[in-house]
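# Examining the three-dimensional arrangement
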Amino acid sequence: MTLPALPTVRLGQDGPVVGAQGLGCMGMSEFYGPTDTAEALATLDAALEAGVTFLDTADQYGAGRNEELIGPFVRAHRDEVVLATKFGVERRADDPAYRGVRNDPGYIRAAVDASLRRLGLDVIDVYYMHRRDPAVPIAESVGAMAELVAAGKVRHLGLSEVTGAELREAYAVHPIAALQSEWSVFARDVERSAVAAAAELGVAFVPYSPLGRGFLTGSFAAAEELAADDIRRTQPRFSGANAAANRALVEPLREIAVARGATAAQVALAWVHQRAEVHGLTVVPIPGTRRRERLAENTAAVTLRLTVEELAVLEPVAGRVAGERYPDMAFTSVGRE
Ligand SMILES: NC(=O)c1ccc[n+]([C@@H]2O[C@H](COP(=O)([O-])OP(=O)(O)OC[C@H]3O[C@@H](n4cnc5c(N)ncnc54)[C@H](OP(=O)(O)O)[C@@H]3O)[C@@H](O)[C@H]2O)c1
């Protein structure tokens, strides 16, 4: 497949320039079924070749293994890729199921050093706070992140799953280059406050799970068909009666895809790009994939433009979804709005 040249955009007011679509690397190490290192590394090569230069990881993906996986690739192409990682979700070696949220400055200082060590880098391009612990004032956490910029360990700051008010408070402490939160045809609660704040401040929006974790593509129809340790089994909208009801909502994407000679994944990605235009927002979706074939399919989505009629068909979908995005919405921005 010959891929289109990917347009480039700048993250935030003075952030790096990246391809207008990035690559989510999470599934290469954990959460979404079996992993294959050789195919993952080939996918990173294919991404760079296609102009997909913004790579997304986090310290918690594979409990550090995802940073270790992509670190050598980033080192080999240091000036060509922009590497984003995250801190804030704590895991424990003696309890694989444990997840804590930590935003305190001492934790942040230790987390950045651990990420730099696993990645084998001197500096992280974009460092996100992954989840918010409301017990720690956001100004305190962002103040500690700003110190990492001053120390040369981090180039630019990002936040994930924060509300519009939290983004404004953070921005008053230090410029924020990117806000990463879930945004798709299927998940639009960020449009309540976060999107408007990002547009107003000139913060780039990085939609995660733009394919609804694969559900919008039809790659799975119910959590019950996934591996026992697949994290989507814990997410309410993919199980039982919710999944059965939500399957019908994916139909319009499929119909548009067929009519346009595209795929449902491409329709879902085109929707995010065009929805951001409505809000006057720079957007860099980071669809996740472990495979070259899908990387190519997703990259080709940047040439698809949905018509006003097609957008109107997709408009009511999110409002009809059964089930929450997470079992505990307290750790999302909407849980604090
Ligand atoms: N900040 C946060 O809290 C947060 C939360 C979740 C994710 N993220 C980040 O965002 C990235 C993307 O989100 P995500 O991976 O959760 O969800 P996603 O991008 O919506 O969907 C990924 C899933 O869709 C499948 N897929 C990808 N392209 C496809 C295509 N063209 N056709 C059919 N299936 C396709 C993938 O499987 P294959 O691998 O088999 O292609 C994978 O199972 C992650 O990798 C991670 O870096 C951040």
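Structure first, text after, so check above.
Notes on the structure follow. This structure is a prediction, so every number in the text was calculated from the model and none was measured.

### Quick look at the environment of L216
Mapped onto the elements, L216 comes out in the loop between β11 (204-208) and α7 (240-260). With 32 residues separating them in the primary sequence, L216 and S184 have C-alpha atoms 9.1 Å apart. Not counting residues within four places of it along the chain, the set of residues in contact with L216 comprises S184, V185, F186, P210, L211, V250, L253, A264 and A268.

### Topic: the site of the ligand
Neighbouring residues of the ligand: 32 residues in total, closest Y32, D56, L211, T289 and R290. At a separation of 3.3 Å, an oxygen atom of the ligand approaches a polar backbone atom of G214. N298 is positioned such that a nitrogen or oxygen atom in its side chain is 2.8 Å from a nitrogen atom of the ligand. Contact with the protein chains covers 96% of the free accessible surface of the ligand, which is 900 Å².

### Quick look at the nonpolar core
Of all hydrophobic cores here, the largest spans 84 residues; its most connected members are L23, L55, L159, L167, I176, L179 and W183. Ranked by the residues each element gives to this core, the list is headed by helix α8 (residues 264-278), at nine residues. The contacts of L55, once residues within four sequence positions are left out, are L23, C25, L44, F73, V74, V81, V82, L83 and A84. Grouped together as the second largest cluster of nonpolar side chains are 17 residues, L11, V126, Y128 and M329 included.

### Description of the pairing of β11
Within β11, five of the five residues are buried, leaving the element largely enclosed by the surrounding structure. Burial along β11 is two-sided: the residues A204, V206 and Y208 and F205 and P207 are all buried. Summarising the sheet, strand β10 (residues 178-182) and β11 pair through five bridges and their orientation is parallel. Its bridge partner being in β11, S181 is matched across the sheet by P207. As for the winding sense of the linkage, the β-α-β connection from β10 through helix α6 (residues 194-201) to β11 is right-handed.

### Side note on the sheet that holds strand β8 (residues 124-129)
If you walk across this open sheet you meet the seven strands as β3-β4-β5-β8-β9-β10-β11, and the pairing is parallel. Taken across any chain shown, the strands that pair with only one partner, and hence form the sheet edges, are β3 (23-24) and β11. Its contacts with the sheet put helix α4 (residues 138-150) on β5 (82-87), β8 and β9 (154-160), and the angle it makes with β9 is roughly 155°.

### Considerations on the layout of surface pockets
Here the second largest pocket defines a volume of roughly 210 Å³. Contributing to the lining of the second largest pocket are D59, Q60, A63, G64, V89, E90, R91, Y107, A110, A111, A114 and R118. Elements represented by at least two residues in the lining of the second largest pocket include exactly β6 (89-92) and α3 (105-119). Broken down by element, the residue count for the lining of the second largest pocket peaks at five residues, all from α3.

### Considering the packing of α7 against α8
Where α7 meets α8, the axes come as close as 8 Å, and the angle between the chain directions of the two elements is 100°. Looking at the two axes, α7 sits roughly perpendicular to α8. Contact residues: L253, R254, I256 and A257 in α7; A264, V267 and A268 in α8.

Thresholds applied
Residues numbered from 1 in each chain as written. Predicted model: local features only at pLDDT ≥ 70, side-chain atom pairs only at ≥ 80, totals over all residues. Heavy atoms only, no water. Helix = DSSP H or I, 4+ residues; strand = E, 2+ residues; numbered from the N terminus. Contact = heavy atoms within 4.5 Å. Near = heavy atom within 4 Å. Polar contact = N/O pair within 3.5 Å; in protein donor to acceptor, adjacent residues only side chain to side chain. Areas by Shrake-Rupley, 256 points an atom, 1.4 Å probe, with all protein chains shown as cover. Core = buried A, V, L, I, M, F, W, Y, C linked by side-chain atoms within 4.5 Å. Buried < 20%, exposed > 50% of the residue type's maximum accessible area, 1.4 Å probe, protein only. Pairing = 2+ DSSP bridges. Right-handed = clockwise from strand over helix to strand, strands pointing away. Axes fitted to C-alpha atoms, helices over the stretch in contact; angles between N-to-C directions. 1 Å grid on protein atoms, 1.4 Å probe; cavity = no way out; pocket = protein on both sides within 12 Å on 5 of 7 lines; lining within 4 Å. Points joined across faces, edges and corners; volume = space filled by probe spheres on them. Parallel < 35°, antiparallel > 145°, perpendicular 65-115°, else oblique.

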